[in-house]
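# Breakdown of the fold
Single-letter residue listing:
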Amino acid sequence: SHSCSVHDRTGSKHSRWSPDGSVHQSGYVRVTIPGKGRQFMHRYVMEQHLGRKLLRDEHVHHINGDPLDNRLENLIVLSNADHQRAEISQRRALQ
């Protein structure tokens, strides 16, 4: 039934589910960091890996193009110019 199909797409079965249940309208997972507030998970993961805050002009790129895949091996820090090139290249590959 319709009500069952809607129920099946909520919670952990929903395609946009995240551990804290928060996916920003941009499609990126946001988490609450105690003492710091809300932050995009991909930036938080990379900052933890680097042991420092990201610089303003550093972008964290999802290598496979999936904004919900925040595994460290799927993330790379790029300059703004390099990030723009990577995004354009990914869009062209999908066409």
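The structure presented is a predicted model; accordingly, all values stated were derived computationally and were not measured. (Residues numbered from 1 in each chain as written. Predicted model: local features only at pLDDT ≥ 70, side-chain atom pairs only at ≥ 80, totals over all residues. Heavy atoms only, no water.)

## As for the overall build of the protein
Along the backbone of the protein there are three helices and four strands. Counting from the amino terminus, helix and strand elements in the protein follow one another as α-β-β-α-β-β-α. The 95 residues of the protein split such that 27% are buried. Once local pairs closer than 6 in sequence are excluded, the contacts in the protein between residues at least 24 apart make up 28%. (Helix = DSSP H or I, 4+ residues; strand = E, 2+ residues; numbered from the N terminus. Buried < 20%, exposed > 50% of the residue type's maximum accessible area, 1.4 Å probe, protein only. Contact = heavy atoms within 4.5 Å.)

## A few points about the environment of Arg30
With respect to the element layout, Arg30 can be found in strand 1 (residues 30-33). What makes Arg30 partly exposed here is its relative accessible area of 22%. Between the C-alpha atom of Arg30 and that of Met41, which follows or precedes it by 11 residues, the distance is 5.4 Å.

## So, the pattern of salt bridges
Under the criterion given, the structure shown has six salt bridges. Put simply, Glu47 and Lys53 hold a salt bridge, and the shortest N to O gap is 3.9 Å. In this structure Glu47 comes out as buried when scored by relative accessible area, which is 8%. A salt bridge links Arg52 to Glu58; its shortest N-O distance comes to 3.0 Å. Residue class for Arg52 comes out partly exposed when judged on its relative accessible area of 36%. Judged by relative accessible area, Glu58 falls into the buried class, the value being 13%. (Salt bridge = Lys/Arg side-chain N within 4 Å of Asp/Glu carboxyl O.)

## A closer look at helix 2 (residues 41-50)
Among the residues making up helix 2, those that are buried are Met41, His42, Met46 and Glu47. Each element contacted by the buried residues of helix 2 is listed here: strand 1, strand 2 (37-40), strand 3 (58-62) and strand 4 (75-79). Trailing helix 2 by a residue or two, Gly51 shows a phi angle of about 75 degrees, which is positive.

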